[in-house]
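# Descriptive analysis of the structure
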Amino acid sequence: VYIVFVVFGLFVIGGLIAYRIGTYFGNPIKQFANDMEATLHAIPDLLFELDESGHYKKFITHRKDLQIKSSDKILNHTIDEVLPEAAAKVMRQAINEAKNEGDSHGRQILINLPHGEFWYELSVAKKSNLNTKEDHFIVISRDITQRKYIEQEIIRLNSNLEERVAKRN
């Protein structure tokens, strides 16, 4: 009978400790998870995680219109299998720079989607993987199509202006 009370007492104490730990740490962890989910929903960019060999390990976006392929045709495939050759080359360069320098910013790629051409600017950061000791890379791919069209229009307008000035002189 004495052993039953001891076991029951230990069970109750263990339950109380588990409850207090859950109460103490549970809400902040849940709040952090909610904050991270809301943050990811707010990001208008495409977010990828790649391994050193260029395999897509994670893919997060809420902009399906900017995807070159569906998630199931991206995950566990390489950048060479997913992206056009020129874009894959730029992505590999960005990954190599991030591997050596820690990050890479400003590289641009052009992708043809069924509804038009889209320009993306890449930001890549090295992420240490504690489980495998293999580096992974976080890639944020921002749609800069409107910016590129505006830049091209400015170049065209400047060229026209220079021609008009040259004709006047």
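No experiment lies behind these values; they were computed from the predicted model shown.

### Re the overall build of the protein chain
- From N to C terminus, the protein chain includes four helices and five strands.
- Reading the secondary structure of the protein chain in the N-to-C direction produces α-β-β-α-α-β-β-β-α.
- A fraction of 39% describes how many contacts in the protein chain between residues 6 or more apart in sequence connect residues 24 or more apart.
- Just so you have it, the protein chain exposes about 11900 Å², and 59% of that area is on carbon and sulfur atoms.

### Observations regarding the nonpolar core
- Counting 25 residues, the largest nonpolar core has Tyr56, Leu83 and Met91 as the members making the most contacts within it.
- Those elements giving two or more residues to this core turn out to be strand 1 (46-51), strand 2 (56-60), helix 2 (79-82), helix 3 (85-101), strand 3 (103-113), strand 4 (116-127) and strand 5 (136-143).
- In terms of residue count, helix 3 provides more of this core than any other element does, seven residues in total.
- Contacts of Met91, omitting those with residues within four sequence positions, involve Leu50, Tyr56, Ile79, Leu83, Leu122 and Val139.

### Some thoughts on the confidence of the model for the protein chain
- In the predicted model, the protein chain carries a mean pLDDT of 81, and the fraction of residues at 70 or more is 78%.
- Averaged over each element, pLDDT in the protein chain is lowest for helix 1 (residues 2-42) (65) and highest for helix 3 (93).

### A look at the pattern of salt bridges
- As enumerated under the stated definition, the model contains 12 salt bridges in all.
- Between Asp51 and Lys57 there is a salt bridge whose closest N-O contact spans 3.9 Å.
- Its relative accessible area of 35% is what places Lys57 among the partly exposed residues.
- Across the pair Glu151 and Arg147 runs a salt bridge, and its minimum N-O distance is 3.5 Å. You can see Glu151 and its partner Arg147 sitting in helix 4 (residues 145-168), four residues apart, about one turn around the helix.
- Owing to a relative accessible area of 32%, Glu151 belongs among the partly exposed residues under this scheme.
- Linked through salt bridges whose partners overlap, the residues forming this network are Glu121, Arg147, Lys148 and Glu151.

### Things to note about unusual backbone geometry
- Backbone geometry at Asn76 places phi at a positive 70 degrees, although glycine is not the residue there.
- By the element assignment, Asn76 lies in the loop between strand 2 and helix 2.
- Exposure remark for Asn76: the relative accessible area of 53% places this residue in the exposed category.

### Considering the environment of Ile60
- Along the chain, Ile60 falls in strand 2.
- Placed 80 residues apart in sequence, Ile60 and Ile140 show a C-alpha to C-alpha distance of 9.8 Å.
- For Ile60, the residues in contact, after removing those within four places along its chain, are Leu40, Asp45, Leu46 and Leu47.

### Things to note about the packing of aromatic side chains
- Within the structure shown, the criterion is met by two aromatic pairs.
- Ring plane angle 65 degrees and centroid distance 5.2 Å describe the contact between Phe48 and Tyr56, whose orientation is recorded as edge-to-face.
- Taking the centre distance of 5.0 Å and the plane angle of 20 degrees together, the rings of Phe48 and Phe59 count as stacked. Linking Phe48 in strand 1 with Phe59 in strand 2, this pair joins segments that are 11 residues apart in sequence.
- On the accessibility criterion, Phe59 (14% relative accessible area) is buried.
- In textbook terms, an aromatic cluster arises when at least three aromatic residues are bridged by ring pairs, as seen for Phe48, Tyr56 and Phe59.
- Positioned above the aromatic ring of Trp119, the side-chain terminus of Lys148 is 4.4 Å from the ring centre.

Cut-off values and rules
Residues numbered from 1 in each chain as written. Predicted model: local features only at pLDDT ≥ 70, side-chain atom pairs only at ≥ 80, totals over all residues. Heavy atoms only, no water. Helix = DSSP H or I, 4+ residues; strand = E, 2+ residues; numbered from the N terminus. Contact = heavy atoms within 4.5 Å. Areas by Shrake-Rupley, 256 points an atom, 1.4 Å probe, with all protein chains shown as cover. Core = buried A, V, L, I, M, F, W, Y, C linked by side-chain atoms within 4.5 Å. Buried < 20%, exposed > 50% of the residue type's maximum accessible area, 1.4 Å probe, protein only. pLDDT = per-residue confidence, 0-100. Salt bridge = Lys/Arg side-chain N within 4 Å of Asp/Glu carboxyl O. Phe/Tyr/Trp six-rings, centres within 6.5 Å; stacked < 30°, edge-to-face > 60°. Lys NZ or Arg CZ within 6 Å of the ring centre and 35° of its normal.

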